[in-house]
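One letter stands for each residue in the lines below.
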Amino acid sequence: MDLGDSAAEAAFRAELRDWIEANCPDELRGGDARDQHAFEAASRRWLGTLARAGYAGVTWPVRCGGQGLSQVYGAIVLEELARSAAPPHIGLVGLNMCGPTLIAFGTEEQQGRHLPQLLTGEEIWCQGFSEPGAGSDLAALRMRADFRGDRIVLNGQKVWSSFAHAADFCLLLARSDPESSGHRGLTMLILDMHAPGAEVRPIRQLTGEPEFNEIFLTGAELPAANVIGPVGEGWRVAMTTLLHERGTLGVALTAALEYNVARLVELACMADDDGRRAADDPLLRDRIARELIELAALRTTNLRALSNLVDSGVPGPEGSVVKLRWSEANRRVTALGQELLGVDGLLAGSDAPLGAFWQYQQLRSLGNTIEAGTSEVLRGIVAERVLGLPRSR
Amino acid sequence: MDFRPTPEQTMLRDQVRELLTARLPHERLEAVLASPAGWDRPLWQELAGLGLIGIALPEAVGGAGLGLVEEVLVLEETGAALLPAPYLATALLAAPLLAARPELAQEAVSGARTWTLAREGDVTAEPAAGDAWRLRGTLPLIPDLGSADGVVVVGQAAGGVGIWALREGGRRAVLDTTDETRRLGVLELDGEEAIVLAAPGEAGAALAAARIRARVALAAEALGITRRALDLGVEHARTRTQFGKAIGVYQAVAHPLADTYADLELARSLVWRAAWAVDAGEPDAGLDAAMAKSFAADAAVAACERSIQVHASIGFTWEHPLQRLLKRAQGIAVLGGSGVALRAEIAAAVLDGAGTLE
Ligand SMILES: Cc1cc2nc3c(=O)[nH]c(=O)nc-3n(C[C@H](O)[C@H](O)[C@H](O)COP(=O)(O)OP(=O)(O)OC[C@H]3O[C@@H](n4cnc5c(N)ncnc54)[C@H](O)[C@@H]3O)c2cc1C
């Protein structure tokens with residue numbers, strides 16, 4: 001058991017930290033509420049900068065444009081980026097979910113065509129899984145994919161797709177066998193978002209920002225060569241995507257929580273005009289200490305999960321635990337930040353203190369217990385797949 | 001970085017788990033607790049025979065020269081098994097202090113004498129002949145006094161705070177305690193002779209290290225309790241049927257058990273991290289120990305409470321092991337610093353500028 005960075009890991013981390021310090025654009029730092037379009041453009045350029053320096057997809061195989069390094073190095077990159085509050089936001093779906101799915105199931109041609117662009121931010125990807133009738137029960141999805149010769153024709157609706165408004169491609173799960181139901185008869189596809197018949201309508205989130213979208217597909221076509229994995233085996237492919245979403249994302253999420261907790265400590269330690277600090281109130285001290293402990297527990301659990309991942313190559317059930325507890329912790333931490341602001345916490349936009357950081361983070365955190373599997377669904381996964389309790393459905 | 005137990009560490013844990021499961025079925029535990037001695041000396045001899053008392057002690061005193069990482073793997077098992085013997089008190093609290101007197105440490109490692117540590121009291125010491133000092137005063141609420149032969153005593157002398165080894169004797173009263181697997185007692189000293197382990201004024205570092213070790217050790221036992229309470233709850237949820245179905249089908253039953261699993265995994269991370277930090281001499285090891293103890297103790301109590309609720313009335317009986325697990329967990333929660341006190345220490349380290357987040 002050894003928790004410390006090895007000499008090589010420590011050197012890699014130090015070099016990366018300096019590099020981020022020197023190269024990260026200011027408009028990406030801080031995670032405040034900001035002009036969404038400018039932010040997305042900057043985020044895309046940042047991905048390119050990361051890729052040129054060799055810091056995007058470090059765990060990907062070399063033939064896929066990566067560095068072929070172990071998951072530990074991937075975690076170091078995610079941690080350091082989140083600590084500087086400059087995650088490659090808009091590229092996260094592509095880097096953490098679509099890329100690994102292509103690496104696991106894509107043809108050589110698909111990998112060569114998409115992975116390098118995905119790394120540099122030249123291609124932004126979104127995930128098209130959820131539908132109006134298929135949320136937690138993803139297998140209820142109805143998006144039709146009809147094979148006509150070497151073409152596939154799509155009809156149906158996707159919803160809640162993050163960054164679809166900015167995306168060039170979509171990892172799309174659709175029903176290729178119209179007679180089928182449930183997990184069978186699904187196929188995973190690569191959809192060009194610029195294809196005729198694909199329409200994206202942004203949905204304004206409760207934060208005020210339109211980060212997720214509806215996707216309407218009416219007769220949109222794609223070549224049959226865009227199938228990922230075997231036809232009819234889309235469920236198996238999708239489960240790999242979700243494992244990566246819940247697994248590797250844990251490190252990024254926890255690092256983001258670490259950033260929020262550090263800001264909370266900073267806020268609590270700020271003296272008011274009478275020289276008083278929130279950090280001197282015993283009840284608040286206890287609440288903050290609890291979050292410091294939870295954060296340390298999540299960080300260390302990620303390290304354990306990583307050690308296992310290096311062995312097996314597949315994220316384990318720890319991912320569900322980290323996602324569950326992280327999302328709840330982030331809600332508490334951001335709510336506490338906003339609470340410390342008092343009535344100032346009611347101010348929004350440019351009238352708000354600290355760039356509306358706490359207002360935005362608190363509202364955004366309400367999505368954390370829903371996206372990538374609701375907390376109820378994650379508890380169900382733990383109960384059934386880890387503890388072996390009988391299925392509730 | 002590689003944060004997994006090595007094959008040797010896993011073997012050690014499995015060996016202890018198998019032994020304690022075989023030796024301490026619930027009826028045997030109840031019989032031991034009802035016996036006049038109230039604890040399991042034959043099992044103690046067996047643990048000593050396997051070299052478990054001295055795992056983390058230097059080879060010079062008969063130990064295995066391993067570390068706290070190995071100890072927490074063993075302590076998870078002594079917690080899960082509700083071991084009615086002073087393993088934590090002897091091996092983790094007393095023995096490292098006894099190592100100042102190799103012959104005393106050797107005797108402890110051999111299993112010939114059990115020990116505990118008494119650090120809260122009003123004992124005064126004055127020199128007698130040679131290495132011997134005379135101790136006077138009262139030490140209340142000493143953990144495991146019911147099963148300890150010797151007591152390591154912290155007291156005050158002209159030169160400051162010191163540490164002494166009292167091999168036997170003193171007026172002892174073992175108290176009736178909620179957790180009968182770890183009985184508390186009062187020790188009155190009226191001029192008994194004890195051997196000095198740390199001279200007055202020179203005990204500070206040893207006592208600070210002992211406090212950190214105690215917290216990590218208690219947290220590791222809490223981990224075992226959490227695991228056992230969860231296993232019992234899951235087993236019951238799978239086998240008990242109501243309304244024609246196994247009750248684990250109902251999410252109101254299943255989800256609290258999933259929460260216990262999440263607690264268990266997070267607690268395990270904190271305990272292993274703290275043990276590693278102590279062994280590696282990390283400067284923040286004390287903070288890690290406080291975090292581990294605060295989290296793991298709360299988790300253990302909550303795990304028992306949830307499991308009792310899943311069991312309903314059968315879990316509310318004296319015969320059921322859950323009542324023993326709950327009481328041991330409640331004891332762990334207050335020994336070595338309550339959660340509130342530990343979190344106050346953590347807050348002071350971080351909010352008052354004395355420590356770092358990383
Ligand atoms: C910010 C954000 C970003 C998102 N991004 C994407 C994206 O990029 N791509 C994408 O495809 N989707 C995305 N989603 C959608 C998300 O995955 C779904 O919203 C989620 O899976 C839940 O589905 P639902 O909203 O239909 O809720 P429902 O499934 O209808 O759930 C409603 C409630 O019922 C509970 N429930 C449902 N089933 C059970 C059960 N079996 N046991 C117990 N409780 C149950 C749920 O926990 C929830 O509380 C995003 C969501 C958010 C909030």
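Scoring rules and cut-offs
- Residues numbered from 1 in each chain as written.
- Chains lettered and ligands numbered in written order.
- Predicted model: local features only at pLDDT ≥ 70, side-chain atom pairs only at ≥ 80, totals over all residues.
- Heavy atoms only, no water.
- Helix = DSSP H or I, 4+ residues; strand = E, 2+ residues; numbered from the N terminus.
- Rg over C-alpha atoms; globule rule 2.2 N^0.38 Å.
- Buried < 20%, exposed > 50% of the residue type's maximum accessible area, 1.4 Å probe, protein only.
- Contact = heavy atoms within 4.5 Å.
- Arc of directions from axis to C-beta.
- Buried area = accessible area lost by both parts, 1.4 Å probe.
- Salt bridge = Lys/Arg side-chain N within 4 Å of Asp/Glu carboxyl O.
- Polar contact = N/O pair within 3.5 Å; in protein donor to acceptor, adjacent residues only side chain to side chain.
- Near = heavy atom within 4 Å.
- Areas by Shrake-Rupley, 256 points an atom, 1.4 Å probe, with all protein chains shown as cover.
- Nonpolar A, V, L, I, M, F, W, Y, C, P; charged D, E, K, R; others polar.
- Domains from an automatic or database assignment.
- Axes fitted to C-alpha atoms, helices over the stretch in contact; angles between N-to-C directions.
- Parallel < 35°, antiparallel > 145°, perpendicular 65-115°, else oblique.
- Left-handed = near helix turned anticlockwise from the far one by under 90°.
- Core = buried A, V, L, I, M, F, W, Y, C linked by side-chain atoms within 4.5 Å.

## Considerations on the overall build of chain A
Each helix and strand in chain A was counted, giving 11 helices and eight strands. For 393 residues, the compact-globule formula gives about 21 Å, and the C-alpha radius of gyration of chain A, at 21 Å, lands near that figure. The principal-axis extents of the C-alpha atoms in chain A amount to approximately 75 × 50 × 45 Å. Per-residue burial over chain A gives 57% buried out of 393 residues. For chain A, the proportion of contacts with a sequence separation of at least 24, taken over those separated by at least 6, is 72%.

## Considering helix H3 (residues 41-49) of chain B
Residue and element names in this part refer to chain B. Among all positions in H3, only Leu43, Trp44, Leu47 and Ala48 are buried. Projection of H3 onto a plane perpendicular to its axis shows the buried side chains occupying an angular sector of 145°, all on one side. Every exposed residue of H3 that faces more than 90 degrees away from the buried side is listed here: Pro42 and Gly49. In the core, the buried residues of H3 are packed alongside helix H1 (7-23), helix H5 (87-98) and helix H6 (102-110).

## Some words on the environment of Ile225 of chain B
Residue and element names in this part refer to chain B. Tracing the backbone through its elements, the reader meets Ile225 in helix H7 (residues 204-239). With relative accessibility at 0%, the residue Ile225 sits in the buried group. Considering only alpha carbons, one finds Ile225 and Leu82, 143 residues apart in sequence, at a separation of 7.9 Å. Among all residues touching Ile225, those that are not within four sequence positions of it are Gly79, Ala80, Ala300, Cys304, Leu325, Arg328, Ala329 and Ile332.

## Notes on the interface of chain A and chain B
Counting residues at the interface gives 50 residues for chain A, matched by 47 residues for chain B. When the two sides are added together, the surface that chain A and chain B hide from each other amounts to roughly 4,500 Å², 66% of it contributed by carbon and sulfur. A per-residue breakdown of the area chain A buries against chain B is headed by Met1, Ile293 and Arg304 of chain A, which together make up 20% of the total. Across the contact surface, chain A and chain B share seven salt bridges. We note a salt bridge from Arg285 of chain A to Asp352 of chain B, for which the minimum N-O separation is 2.8 Å. For the interface between chain A and chain B, the tally reads 12 residue pairs in polar contact (both at pLDDT 80 or more). Secondary structure elements with two or more residues in the side of chain A that touches chain B: helix H1 (7-23), helix H3 (71-83), helix H7 (249-268), helix H8 (282-312), helix H9 (318-341) and helix H11 (375-386) of chain A.

## As for the site of the ligand
Within the structure, the ligand sits among 16 residues, and Ser130, Ser136, Trp160, Thr374 and Glu376 of chain A are positioned closest to it. One finds residues of chains A and B in close proximity to the ligand. A distance of 2.9 Å is found between a nitrogen atom of the ligand and a backbone nitrogen or oxygen belonging to Gln127 of chain A. One of the side-chain N or O atoms of Thr374 of chain A is found 2.7 Å from an oxygen atom in the ligand. Taken by itself the ligand offers 980 Å² of open surface, and the protein chains cover 69% of this. Sorting elements by how many residues they give to the shell around the ligand places strand E3 (residues 151-162) of chain A first, with three residues. When its residues are assigned to classes, the shell around the ligand shows four nonpolar, eight polar and four charged. When residues of the shell around the ligand are assigned to domains, at least three map to each of domain 2 (126-232) and domain 3 (248-385) of chain A.

## Side note on the packing of H9 of chain A against helix H10 (residues 357-368) of chain A
Residues and elements named next belong to chain A. Between H9 and H10, the shortest axis-to-axis distance is 8 Å and the interhelical angle comes to 155°. In terms of axis orientation, H9 runs roughly antiparallel to H10. The handedness of the crossing between H9 and H10 comes out as left-handed. Packed against H9, whose contacting residues are Lys323, Trp326, Ser327, Asn330, Arg331, Val333, Thr334, Ala335, Gly337, Gln338 and Leu341, the element H10 presents Trp358, Gln359, Gln361, Gln362, Ser365, Leu366 and Asn368 at the interface. For the contact of H9 with H10, the class distribution of residues is six nonpolar, 10 polar and two charged.

## Here's the deal with the nonpolar core
Residues Tyr87, Leu98, Val152 and Val271 of chain B are the most contacted members of the largest nonpolar core, which totals 169 residues. Not counting residues within four places of it along the chain, the set of residues in contact with Tyr87 of chain B comprises Trp44, Leu52, Ile53, Ile55, Glu71, Val74, Leu75, Thr78 and Leu92 of chain B.

## Describing the domain arrangement of chain B
Residue and element names in this part refer to chain B. Splitting chain B by domain gives domain 1 (7-110), domain 2 (115-202) and domain 3 (205-352). When each unit is reduced to the centre of its C-alpha atoms, the spacing between domain 1 and domain 3 is 20 Å. Contacts between domain 1 and domain 3 engage 23 residues on the former and 28 residues on the latter. Together, the buried faces of domain 1 and domain 3 total about 2,100 Å²; carbon and sulfur atoms form 63% of this surface. Looking only at domain 1, the three residues that lose the most surface to domain 3 are Leu68, Glu76 and Leu82, adding up to 28% of its buried area. Where domain 1 touches domain 3, the interface holds four salt bridges. Here Arg324 ties to Glu30 by a salt bridge, and the two come within 2.8 Å at their closest N and O atoms. Our count for the contact surface shared by domain 1 and domain 3 stands at 12 residue pairs in polar contact (both at pLDDT 80 or more). Going through the elements one at a time, helix H2 (26-34), helix H4 (68-80) and H5 are the ones with two or more residues in the side of domain 1 that touches domain 3. A per-element tally of the side of domain 1 that touches domain 3 places H4 first, with 10 residues. Broken down by class, the residue content of the side of domain 1 that touches domain 3 amounts to 15 nonpolar, four polar and four charged.

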